Amino acid sequence: MTATFAILKRELLTYFVSPLAYVFLGVFLFLAGVFFYLGIALTGEASLRVMMGNVSISLMFVLPMLTMRHFAEEQKTGTFEMLMTSPVSPVAILVGKWLASLTLCLLMLLGTGLFVAILAYYGEPDWGVIATSYLGLFLTCGVFCAGGLFASSLTDDQVAAGMGGIVLLMPLWLVGSASSLVGEEWQARLDHLALLPHLRSFTKGVIDTADLSYFALLTFGFLFLTFRTLESRRWR
Amino acid sequence: MIEVEHLTKRYGAFTAIEDVSFSVPKGHVLGFIGPNGAGKTTTMRVLTGFLPATEGRAVVAGFDVFEDPVEVKRRVGYLPETPPLYRELTVGEYLRFCAELRDLPRADRLRRVGEVMERVGLRGWERRVLGTLSKGYRQRVGLAQALLHNPPVLILDEPTSGLDPAQNVGVRELIAGLAGDHTIILSTHILPEVEALCAQVVLINKGKIAASGTMEAVRAQAAPAYYRVSLHAAGVEPAAVARAVGALAEVKVVQPDGEALRVESEPGVDPRPAIASMAVGRGWGVSGLERTIPTLEEAFLSIVGREGA
C-alpha cells in the first residue's frame, strides 16, 4: 500500500516536473473544445453527447502516449531493476502506475468542466446525464490506461510502446465501425465487443451493469496481462 | 551470510552461469572479478531476486532467494551497474521515494535520507536534479539508495566504474568502513581495489568459477609462487650458473630474468636453502633470494588468458 502510494506520487511528480502533463492537458482540452463547439453547432442541443463520443476516440490515441513511458522507460534506464529488487510486489508497482495515469485523466476531465459551465450558463443541461457521461468517460480512461500500460510492459522502446498501445486499443473502436457491414446477426455480436455502444449508454444517462462489467473486464484484463508480462520478463 | 550452491542460469540455449558455488561469512567483503560478460552481473541479479536461476540454490541473510524473495529483498542493498536513477527528480525527492518504497517507518525516513547523504558525501546536494549530476555523483546517489534501509547485505556491481581517482579512493574508504557491519559482494574490474578491500575473491570466467578462496589462495592457484635468485660467480658464465641451479633436485624450472634468475619449484617446496648452500659451497656470492607471489593481476591474466584483456 505504501509502495503503491509512493509510486503514484513519484509518477505524478515526474508528470509535473516535465512538460508532459501540461502538454497532455493542453492538447486534450483543445481537442475537447473543438468537439464541444462542433457538437453544439451541429445539434443545437445543450448536451455533451457528441463531445463525449469524439473525445473517447481521441483518448484512444492520446492515452497510450501518456502511458508509453511507464514501463518502457524504466526498463531502458534500469530503474525497473531497482523496483523489482525492492520488497514490493509487481501488482503494487502496476496499480501505482495505473492510478497515476488515471489521476492525470481525472484532471483532464475536470478541465472540461468549463464546457459544462458554458452549457449551464446558456442552456438547461440534464445534470444526471452529464454525471453518467463523465462516469462513462472515466471508465473508458481506465481501460485505455490499462491497455497502454500493457503495451509499455512489452518493450523497452517508448515509441513502440505508444504505437503498440494505439494498435491494441483500435479494434475496440473499429469493431463497432465495421459492424454494419456484416449483417444483422453479427452486427449485434460485434456491437457487444465495441467500446462506443457501451459508452453510449452512459452518455444517454443509463448505468447498466452490462456496460459496467464490460469496462471492468477490459481494465482488469489488461492489468492482468501487464502483471503476467512483468513476471515473465524476469524469465527471459 | 550468503550461501550460493550450484547456481546455473540459462537463457534459452545460452548458459550465462554454470554451477557457481561460493559463500561469504558475515561481515566479510567478497571481490567478484572476471572479464566482461563472464556472468558477474547475472550472478548478482540472481542473488538480489531480480532473476530466477535455472538450477541451484542461494541463501542470503538466512532466507532462500527463490522461496522468500521479499524477505531477501528487505535485507539486501543493491547498486546495479548503472545507478537506477530517475533523471527528472532531485536527489532528495529520489531518496525519499526510495525510503517509501523500502517502507521505512515514516518517522525515520527523513533522518535516514540525511544520514546516508552524509555518509556518501552528498551533503548539500539535496536539490540537485539527478539528470544533471556527473557520473561520480550519480554513483554516490546509487550507493545512498542501496544503504537507505541499512541492509545487512550489500551487493555492489562495479561501484567505482567511471569515477576519477579521488572519488575512487572515497568510495573505497566508504566500502572499507561498511565492512564488518555489512556483508558485501563487490564486482569490479579494478584489481588493486579488490586487493585493498577483499579478504576473499571469486574469479569467474565464461560463466564458471575459475578460482576462489582467500586472496593468497587465488593468487597461488593461478600462478605458483616463484623465486628471484641473484648469484654472483666471478668468472663463471651466466648459463653455467643457471645450469648449476637447475641441477638441484628442488628446482623445476630456471629462466634468466634480467641479471637474476627466475626459479620455479614444485608447490610446497622451497628451493632457497638448497640454492644458498650450493652457492656457498662453490664460493659464489648470494645477493638475493626472494619469494615472489604473483599479483592478482598476473593471476587474473594467467587464468582468463590475454585474449579478453
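Residues numbered from 1 in each chain as written. Chains lettered and ligands numbered in written order. Predicted model: local features only at pLDDT ≥ 70, side-chain atom pairs only at ≥ 80, totals over all residues. Heavy atoms only, no water.

Undergrad: Could you give an account of the overall build of chain A, naming the residues involved and the relevant values?
TA: Looking only at helices and strands, one finds twelve helices and zero strands in chain A. The order of α-helices and β-strands along chain A, N terminus first, is α-α-α-α-α-α-α-α-α-α-α-α. The C-alpha atoms of chain A give a radius of gyration of 19 Å, which matches the 18 Å a tight globule of 236 residues would have. Each principal axis of the C-alpha distribution contributes one length, and for chain A these read about 55 × 45 × 30 Å. Expressed as a percentage of its 236 residues, the buried residues of chain A come to 51%. Pairs at least 24 residues apart make up 77% of the contacts formed inside chain A by residues separated by at least 6 positions. A total of about 10600 Å² of accessible surface is found on chain A, and carbon and sulfur atoms cover 71% of it. (Helix = DSSP H or I, 4+ residues; strand = E, 2+ residues; numbered from the N terminus. Rg over C-alpha atoms; globule rule 2.2 N^0.38 Å. Buried < 20%, exposed > 50% of the residue type's maximum accessible area, 1.4 Å probe, protein only. Contact = heavy atoms within 4.5 Å. Areas by Shrake-Rupley, 256 points an atom, 1.4 Å probe, with all protein chains shown as cover.)

Undergrad: Describe the packing of aromatic side chains, with residues and values.
TA: Using the criterion set out here, one finds eleven aromatic pairs over all chains in the structure. Arranged with centres 6.4 Å apart and planes meeting at 75 degrees, the rings of A:Phe80 and B:Phe50 form a pair that is edge-to-face. Of the two residues, A:Phe80 sits in helix 5 (residues 79-84) while B:Phe50 sits in the loop between helix 1 (40-47) and strand 4 (55-60), which places them in two different chains. Residue A:Phe80 shares its accessibility class with B:Phe50, and that shared class is buried. Measuring from centroid to centroid gives 5.6 Å for B:Phe22 and B:Phe32, while their planes differ by 50 degrees, and the two rings are tilted. A residue pair is termed long-range when its members are at least 10 positions apart, and B:Phe22 in strand 2 (residues 14-24) and B:Phe32 in strand 3 (residues 29-33) qualify at ten residues. (Phe/Tyr/Trp six-rings, centres within 6.5 Å; stacked < 30°, edge-to-face > 60°.)

Undergrad: Give me the lowdown on the sheet that holds strand 2 of chain B, citing residues and values where you can.
TA: All names here are of chain B. Taken in spatial order, the four strands make up an open sheet running 2-1-4-5, and their pairing is antiparallel. Strands at the two margins of the open sheet, each flanked by one partner only, are strand 2 and strand 5 (63-64). Bridging between strand 4 and strand 5 involves two bridges; their strand directions are antiparallel. Pairing of Val60 across the sheet is with Phe63, part of strand 5. (Pairing = 2+ DSSP bridges.)

Undergrad: How would you explain the environment of B:Val229 if you had to name every residue and give the values?
TA: Relative to the elements of secondary structure, B:Val229 occurs in strand 11 (residues 226-232). Among all residues touching B:Val229, those that are not within four sequence positions of it are B:Ala260, B:Leu261, B:Val263, B:Ile275, B:Gly288 and B:Leu289.

Undergrad: Any details on the domain arrangement of chain B? Residues and values, ideally.
TA: By a frequent convention, interface size equals the accessible area lost on bringing the separate parts together. Examined at the domain level, chain B breaks down into domain 1 (2-214) and domain 2 (224-293). Measuring from the centre of the C-alpha atoms in domain 1 of chain B to the corresponding centre in domain 2 of chain B gives 46 Å. (Domains from an automatic or database assignment.)

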